[in-house]
Amino acid sequence: MNKKLILLFLLLTPILAFCQVKVGGKVVDDKGEPIPFASVVFKNSIIGTVSNDDGTFYMEADKTYKQIEISFIGYETKTLNVKPRDLNLKIVLKEESDVLDEVVIYSGKTKKKGNPAVAILKKIWAKKRSNGIYLYDQYQYDKYEKIEFDLNNVDSAYKEKKLFRGIEFVFDYVDTSSVTGKPYLPIFINESVYKTYGDNKIKKKREDLVANTNSGFQSNQSVIAFVKDLYADYNIYNNYIKIFDKSFVSPLSRTGVNNYNYVLADSAFVENKWCYNIVYYPRRKGELTFKGDFWVNDTTFAVKEINMQATKSANINWVKNIYIEQSFEVLSDSVFLLKRDHMFSDFSLSKKEKAKGLYGKRTTLYTDYQFDKKKDADFYKKQVDQFNPDIYNKTSEYWTKNRPEKLSKDEKGIYSMLDTLSVTPKFKRITDIISILGSGYIEFGKFDFGPVFSTIGTNDVEGYRFRVGGRTYLGGNEPWRAQFYTAYGTKDQQFKYGVSFKYMVNRKNRLTFGVGTRRDVEQNGVSLTTTNDVLGRSFASSAFFASGASNQLTSVNLTNLFASIEPVKNVEFKFGGSYRTLKSADPSGFNLDYFDKAGNIQSNLTQFEVDGMIKLTPKRKTIGYGVERNQVNDNYPTIFLRYSKGLKGVIDSDFEYDKLQFYYRQPFQLGGFGRLFSTVEIGKTFGTVPLSIQNIIPGNQSYFIIENTYGLMDYYEFVADTYASLHLEHNFNGRLFSRLPLLRDLNLREIVGVKAVWGELSQENIDINNTSPILNPITYKAPTDVYMEASAGVGNIFKVFRLDFLWRVRYRDPSGKGNFGIKGGFGFYF
């Protein structure tokens, strides 16, 4: 997820509606205890809500209603007169004393058998695939989407903050949320128009971006890509609804009876269709569930309207509230088609009622449905250039004509307000600071200094290492980029440097050429699958937080040229050549000596290599169209295949060899059971080569979790010319802890994993190295009996920390040293 955009939105959006009546308050029993999930509706209407875990509620309506009706199973229904602005109601419900024989009281939890609401739910399951667009072979429709972000809980104290001095005019646009009843200040608005096509027979879908406009900030396409991932599409009929990388149990799920209580609350005409009203709420706290109600037709059993609100106890970070509304229109008296979808999110560092944060709102309108207009298969393979400037330069007349809902007077005013704000010097200074925190770079015109987080490090060879660097930056979508850095070690008293340049010739197929050179010290053996990235990450300066010696470093002098192309979206081909010299950075403590063909010991290695690779990343989403792009999602598979050939004699190259490497990473969303990450790596080196260019099984001597390394393995503990590796890690997202009363409220998350690697190393690849224990203490061995380690961890500690406990399963140390370890990690996760 792009940190720069997330932070930018925190200071950067408005759905302002005039409401006739607003009511809110708290529902309690006669002992003063809150009643969660009570139904509250405006009398003689279908407008209502369900109280929160603490009994509080808020709702509003455009029409004038003078009474509300409050009900909950086991309590007497209560009707209450209300004023147009009644926001501090305290509603006391009494337990029912005279209950009719045919009414069953469930005391909060409803029965699964004999429940009329569950009987209706089963009919919804039976017909869910014969509703809406699934009734037709082909379909197409127009989609209008409006995204808004607002600062919330804007009170008088907020307005007095120094942050807003000089830009007080923005508070003229404060309004009240229709979901929470809290005041908010719009800071961003984005509108898009799409044309969508689909074919149910061949299971293909195509969505073309036709037009986009926003509040005046540049790089509109970056906003679209980011928001599209943040607010992913969902289907209420699916078993799970994915929101912010979390799988919430849908109230219409086939397994919903295990997670929800259902109550048949009412029946009435909704737009001339007789419908049942079903109220639902969670069976347990701490699970990813909703509360709310839906209206379902009595003959087609298609949902007419539904609202879903995440419970406050749901195990999700940085989000205080999630609210979803969907409504459907009726076509030909029996077909229900999605008409309007509204999603509201309340982002905050805390779930406390008065905590300030950010509202995010997405409103999507669907119009002009057409069916059975067949398109050939090639139609779905073609892609519209979503970065075409014409998309972002539509006239105001176009938007007036193509908005299904007109902007209110206040919404129109937001555009001019935000355009003015974006050029205010103080606001620009604020966004500059946020840019540094998000990207790690300090902007100086068309040049960025950084990354600032790599400025200082330490290791046994260089001592303290100081690094400065930068890059060209012309807005993020430039076709070329130059980068450089230089570093100095206080112990070895040597300067290091790296320089790279790449230029994209063709934006459509992303034909790119690049060149770079680097002279530096680095830690080999931190990754099985390798590349020739000149300015890639080096672990040489990470000894601040490491165990064991940090002197097993290699002095590298690398020059690389490459050409890459992406003829099909997310299919990249790359070809290149590299020249490098390698030697030990600390010959007295770490030796990379090898024997040449004459039997002489050599300390320096020179190698020229050509390579080709293909990288597949289906369903990957990216930001921007420049030579460098940022990805915005991580739920896609990555398949990487690389072939490299060492050419002896070319520019005095020492070795002839062939190397194959395969890498496959796949995340699996397993519904309510969490998320599984799997990684497979396979490789083979053909030929005899010394340690410095052999496959080193990646160890991890730091105190932190490093992806694709073995947590209890030392550097150079295993070496292989043939290897196969498997990493499995499963995050249950709190599914187990949520059922334990003492742990439920901590919102902790369970993580388990297993890692295994098998390898072989030929005797020739052992003998070529100088294995003298005096000169080189490394034991050359491969994990022929399969090295394995297991882990069990607790995540979401204070929302950002993770602690893993690791055990060696195979290749255990008889002395007990290194068979168990504890490692930590930090991260920002929902």
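Calculation criteria
Residues numbered from 1 in each chain as written. Predicted model: local features only at pLDDT ≥ 70, side-chain atom pairs only at ≥ 80, totals over all residues. Heavy atoms only, no water. Helix = DSSP H or I, 4+ residues; strand = E, 2+ residues; numbered from the N terminus. Buried < 20%, exposed > 50% of the residue type's maximum accessible area, 1.4 Å probe, protein only. Areas by Shrake-Rupley, 256 points an atom, 1.4 Å probe, with all protein chains shown as cover. Pairing = 2+ DSSP bridges. Axes fitted to C-alpha atoms, helices over the stretch in contact; angles between N-to-C directions. Patch = residues over 30% accessible without salt bridge, like charges linked within 9 Å, V, L, I, M, F, W, Y side chains within 5 Å. Salt bridge = Lys/Arg side-chain N within 4 Å of Asp/Glu carboxyl O. Lys, Arg positive; Asp, Glu negative; His and termini not counted. Contact = heavy atoms within 4.5 Å. Polar contact = N/O pair within 3.5 Å; in protein donor to acceptor, adjacent residues only side chain to side chain. Expected span 1.5 Å × (residues − 1). Arc of directions from axis to C-beta. pLDDT = per-residue confidence, 0-100. Core = buried A, V, L, I, M, F, W, Y, C linked by side-chain atoms within 4.5 Å. Phe/Tyr/Trp six-rings, centres within 6.5 Å; stacked < 30°, edge-to-face > 60°.

Secondary structure assignment for the protein chain yields nine helices and 44 strands. Looking at the protein chain as a whole, 52% of its 830 residues are labelled buried. Here the protein chain displays about 38500 Å² of accessible surface, and carbon together with sulfur accounts for 55% of that area.

Our next topic: the environment of Asn44. On the secondary structure map, Asn44 appears in the loop between β2 (39–42) and β3 (48–50). Separated by 24 residues in sequence, Asn44 and Ile68 place their C-alpha atoms 8.8 Å apart.

Two strands in a sheet stick together by hydrogen bonds in their backbones, pointing the same way (parallel) or opposite ways (antiparallel). Taken in spatial order, the three strands of this open sheet run β4-β1-β7, and their pairing is mixed. Two strands close off the open sheet at either side, each with one partner strand: β4 (56–61) and β7 (85–93). Across the sheet, the mean angle from the axis of one strand to that of its neighbour is 25 degrees, orientation sign disregarded. With six bridges joining them, strand β1 (residues 21–29) and β4 adopt antiparallel strand pairing. What sits directly across from Lys26, in β4, is Thr56.

To continue, consider a nonpolar patch on the surface. Taken together, the side chains of Phe501, Tyr503, Val505, Phe513, Val515 and Leu561 make up a nonpolar region of the molecular surface, amounting to roughly 550 Å² of accessible area. At the level of secondary structure, the elements contributing two or more residues to the nonpolar patch comprise β26 (495–506) and β27 (511–522). In terms of residue count, the dominant contributor to the nonpolar patch is β26 (three residues). Considering the arrangement of structural elements, one finds Val505 in strand β26. Here Val505 falls in the partly exposed class, since its relative accessible area comes to 49%.

Another point: the side chain of Glu145. With respect to the helices, strands and loops of the structure, Glu145 is situated in strand β8 (residues 138–152). Lacking a salt bridge, the buried Glu145 has Arg362 as its closest oppositely charged neighbour, with an N-O distance of 4.0 Å. Leaving out residues up to four positions away in the same chain, Glu145 has contacts with Asn190, Glu191, Ser192, Tyr194, Arg362, Thr363 and Thr364.

Here we come to the pairing of strand β17 (residues 303–310). Burial runs high along β17: seven of the eight residues are buried. Inspection of the sheet shows strand β16 (residues 290–297) paired to β17 by seven bridges, in the antiparallel sense. The residue bridging Gly292 from the neighbouring strand is Met308, located in β17. The turn linking β16 back onto β17 is made up of five residues, and Phe301 within it adopts a positive phi angle of 55 degrees. With five bridges connecting them, β17 and strand β18 (residues 319–331) associate as antiparallel partners. When the bridges of β18 are listed, Asn307 appears paired with Glu325.

By secondary structure assignment, the location of Ser702 is in the loop between β38 (695–696) and β39 (719–720). For Ser702, the side chain forms a polar contact with the side chain of Asn700, separated by 2.8 Å.

Pairing between strand β40 (residues 722–731) and strand β41 (residues 749–760): 10 bridges, direction antiparallel. Within the sheet, the bridge partner assigned to Glu729 lies in β41 and is Gly753. Looking at chain direction, β41 and strand β42 (residues 787–797) are connected through nine bridges and run antiparallel. Bridge assignment links Glu750 to a residue of β42, and that residue is Val794.

As a further point, take helix α2 (residues 116–127). Helix length check: α2 (12 residues) gives 17 Å between terminal C-alpha atoms against 16 Å at 1.5 Å per residue, within 8%. Turning to α2, its buried residues number three or more, namely Ala117, Val118, Ile120, Leu121, Ile124 and Trp125. Looking down the long axis of α2, one finds its buried residues gathered within 155 degrees of arc, a one-sided arrangement. Where α2 is buried, its residues contact β14 (260–270), β15 (273–282) and β16. Of the residues that open α2, the one with a side-chain oxygen 2.9 Å from the backbone nitrogen of Ala117 is Asn115.

This part is about the confidence of the model for the protein chain. The predicted model of the protein chain has a mean per-residue pLDDT of 83, with 86% of residues at 70 or higher. The model gives residues 1–19 a pLDDT under 50, and that stretch makes 78 contacts with residues more than four places away or in other chains. Contacts for the low-pLDDT stretch residues 98–107, under 50 throughout, to residues beyond four places or in other chains number five contacts.

Quick look at the nonpolar core now. Ranked by size, the top nonpolar core spans 60 residues in total, and within it Phe290, Phe294 and Ile322 carry the most contacts. Leaving out residues up to four positions away in the same chain, Phe294 has contacts with Leu121, Ile124, Leu252, Tyr276, Asn277, Ile278, Tyr280, Val303, Glu305 and Ile306.

Let us now look at the sheet that holds β3. Ordered by their spatial adjacency, four strands build an open sheet running β3-β2-β5-β6, and the pairing between neighbours is antiparallel. Unpaired on one side and paired on the other, β3 and β6 (78–81) mark the two borders of the sheet. The sheet shows a mean angle of 20 degrees between the axes of neighbouring strands, direction not considered. Of the strand pairs in this sheet, strand β5 (residues 67–71) and β6 are connected by four bridges, and their pairing is antiparallel. Note on β6: the bridge partner recorded for Ile70 is Lys78.

Here the focus is the pattern of salt bridges. All chains considered together, the criterion is met by 35 salt bridges. Between Lys146 and Glu148 there is a salt bridge; the shortest N-O distance is 3.9 Å. Of the charged contacts, one joins Glu271 and Lys304 as a salt bridge, the two residues approaching to 2.9 Å between their closest N and O atoms. Taken as a pair, Glu271 in the loop between β14 and β15 and Lys304 in strand β17 lie far apart in primary sequence, 33 residues in all. Several salt bridges share partner residues, and in doing so they unite Glu462, Arg465, Asp492, Lys496 and Asp520 into one network.

The final tally for this structure, using the stated rule, is 30 aromatic pairs. An angle of 20 degrees between the planes, with centres 5.1 Å apart, marks the rings of Phe42 and Tyr65 as stacked. Of this pair, Phe42 sits in strand β2 while Tyr65 sits in the loop between β4 and β5, and the two are 23 residues apart along the sequence. Residue Phe42 shares its accessibility class with Tyr65, and that shared class is buried. Arranged with centres 5.5 Å apart and planes meeting at 65 degrees, the rings of Tyr141 and Tyr366 form a pair that is edge-to-face. Note that Tyr141 is positioned in strand β8 and Tyr366 in strand β20 (residues 357–371), a separation of 225 residues in sequence. Comparing Tyr141 with Tyr366, the two get one shared label, buried.

The next thing to look at is unusual backbone geometry. The phi dihedral of Phe37 is positive, around 65 degrees, even though this residue is not glycine. Within the secondary structure, Phe37 sits in the loop between β1 and β2. We classify Phe37 as buried; its relative accessible area is 11%. At Lys203, a residue that is not glycine, the phi angle is positive and equals roughly 55 degrees. Judged by relative accessible area, which is 72%, Lys203 ranks as exposed.

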